[in-house]
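In case you want the letters, here they are:
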Amino acid sequence: MSGFEAYLFDVDGTLADTEREGHLIAFNKAFADAGLAWHWSIELYLELLTVTGGKERMLHYLEKYDPPFAGGSVDLHDYFASIHAAKTDYFKDLMDQGSISLRPGIERLLNEVRQQKRRLAIATTTTLSNVIALLSNTLGQDSIEWFELIAAGDVVPKKKPAADIYHFTLKEMGLSAEQCLVFEDSRNGVLASKGANLTTVITVNDFTRDHDFSGAELIVSDLGEPDSPMRTIGGCRSQLFDGVSMLDVATLDRLR
Ligand code: XBP
Ligand code: MG
């Protein structure tokens, strides 16, 4: 095959803008339920997002902003697990309410990739049930089967920016890095994908547009739609996309 055999998608910030209207709200609801005076503002959450993984993020927050609690007698691992489970339930509720839609071009590209018999997978730091909730509520229950693999959350020892989740995905799918194309949205994401020597397309969002995406082959506003052109922002091979207003399989194969 001359083009990419497999398309690997990150979830949060890439498939959909899930952080502000999903995860942040869910975290604050779970904190309130636990009687904690922790309320994460958007500004604080922007900083906390540098730490991937909800449980890891909560520990980072405590160690930095509430050291006495962090150093106290509570078994933080179990404590965070219970809060994170509540947060995940709230995230599902928000997805079930239809509060989040897919980013421009995602559904179009997923359908084209399937029509062209290319392989699909997800490689994400988020919890698996969050992925299921997002896909079910945006593309329908059957869409979960579109992805040969949904590599998520704690399935690997080290989360992004470590490359573990991408190495795991390549191994599980029996693919080489050259055969795959990655879609990400953040610095942690591009560090992880490039750590596995994967060709990477970045679609920026409000939370990540100022990140350092060094190493990404292509950086764009989004994937574009016929009636809503994308903007090319940069990337070491962006010159291949001069005049391109929408990313589809044929244009993306230029990166192969
Ligand atoms: C983004 C993350 C996740 C979410 C929260 O994942 O870092 O931790 O912010 O989800 P990605 P959890 O961009 O790799 O999809 O609370 O389930 O971790
Ligand atoms: Mg992301």
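Residues numbered from 1 in each chain as written. Chains lettered and ligands numbered in written order. Predicted model: local features only at pLDDT ≥ 70, side-chain atom pairs only at ≥ 80, totals over all residues. Heavy atoms only, no water.

A. Spotlight on the overall build of the chain. Broken down by element type, the chain carries 10 helices and seven strands. Relative to the compact-globule value of 18 Å for 256 residues, the chain shows a C-alpha radius of gyration of 18 Å, a close match. For the chain, the C-alpha atoms occupy an extent of roughly 60 × 35 × 35 Å along the three principal directions. In the chain, buried positions account for 54% of the 256 residues. Counting every atom, the chain has about 11100 Å² of accessible surface; 50% of that belongs to carbon and sulfur. When the 24 positive and 38 negative side-chain charges of the chain are each reduced to one mean point, those points stand 4 Å apart. (Helix = DSSP H or I, 4+ residues; strand = E, 2+ residues; numbered from the N terminus. Rg over C-alpha atoms; globule rule 2.2 N^0.38 Å. Buried < 20%, exposed > 50% of the residue type's maximum accessible area, 1.4 Å probe, protein only. Areas by Shrake-Rupley, 256 points an atom, 1.4 Å probe, with all protein chains shown as cover. Lys, Arg positive; Asp, Glu negative; His and termini not counted. Charge placed at Lys NZ, Arg CZ, Asp CG, Glu CD.)

B. Here's a closer look at the packing of aromatic side chains. Counted according to the given criterion, the structure contains 13 aromatic pairs. Taking the centre distance of 5.3 Å and the plane angle of 75 degrees together, the rings of Phe 31 and Trp 38 count as edge-to-face. Phe 31 sits in the buried class, given a relative accessible area of 0%. Above the face of the Phe 27 ring, Lys 87 is positioned so that its terminal group lies 4.6 Å from the ring centre. Sitting above the plane of the Phe 241 ring, Arg 254 keeps its charged end 5.9 Å from the centroid. (Phe/Tyr/Trp six-rings, centres within 6.5 Å; stacked < 30°, edge-to-face > 60°. Lys NZ or Arg CZ within 6 Å of the ring centre and 35° of its normal.)

C. Main features of the site of ligand 1. Ligand 1 sits among 19 residues. The nearest are Glu 19, Gly 54, His 84, Thr 124 and Thr 127. One of the side-chain nitrogen or oxygen atoms of Asp 10 is found 2.8 Å away from an oxygen atom of ligand 1. One of the side-chain N or O atoms of Lys 87 is found 2.8 Å from an oxygen atom in ligand 1. Within the complex, 96% of the 450 Å² of free accessible area of ligand 1 lies under protein. (Near = heavy atom within 4 Å. Polar contact = N/O pair within 3.5 Å; in protein donor to acceptor, adjacent residues only side chain to side chain.)

D. Examining the sheet that holds strand E3 (residues 149–152) more closely. Read across the sheet, seven strands follow the order E3-E2-E1-E4-E5-E6-E7 without closing on themselves; strand pairing throughout is mixed. Each of the sheet's edge strands pairs with one partner strand only, and the pair in question is E3 and strand E7 (232–234). With direction set aside, neighbouring strand axes in the sheet form an average angle of 25 degrees. The sheet contact formed by strand E6 (residues 218–220) and E7 spans two bridges and is antiparallel. Residue Ile 219 lies in a different strand from E7, and its bridge partner there is Gly 234. Packed onto the sheet, helix H9 (residues 187–195) meets strand E4 (180–184) and strand E5 (199–203) and runs at close to 170 degrees relative to E5. (Pairing = 2+ DSSP bridges. Axes fitted to C-alpha atoms, helices over the stretch in contact; angles between N-to-C directions. Contact = heavy atoms within 4.5 Å.)

E. Structural detail: the pairing of E3. Because side chains alternate across E3, one face comprises the buried residues Leu 149 and Ala 151, and the other comprises Ile 150 and Ala 152, equally buried. Note that strand E2 (residues 119–124) and E3 share four bridges and pair parallel. Looking across to E3, one finds that Ala 121 is bridged to Leu 149. Remark: the E2/helix H7 (residues 128–138)/E3 crossover connection has right-handed handedness. (Right-handed = clockwise from strand over helix to strand, strands pointing away.)

F. Looking closely at the domain arrangement of the chain. Once the domains are mapped, the chain shows domain 1 (6–17 + 101–255) and domain 2 (19–96). For domain 1 versus domain 2, the separation of C-alpha centres amounts to 26 Å. Taken together, the 15 residues of domain 1 in the interface contact 19 residues of domain 2. Between domain 1 and domain 2 the total buried area reaches about 1400 Å² when both faces are included, carbon and sulfur atoms providing 55% of it. When residues of domain 1 are sorted by the area they lose upon contact with domain 2, Asn 130, Asn 137 and Phe 207 head the list and together hold 40% of the total. (Domains from an automatic or database assignment. Buried area = accessible area lost by both parts, 1.4 Å probe.)

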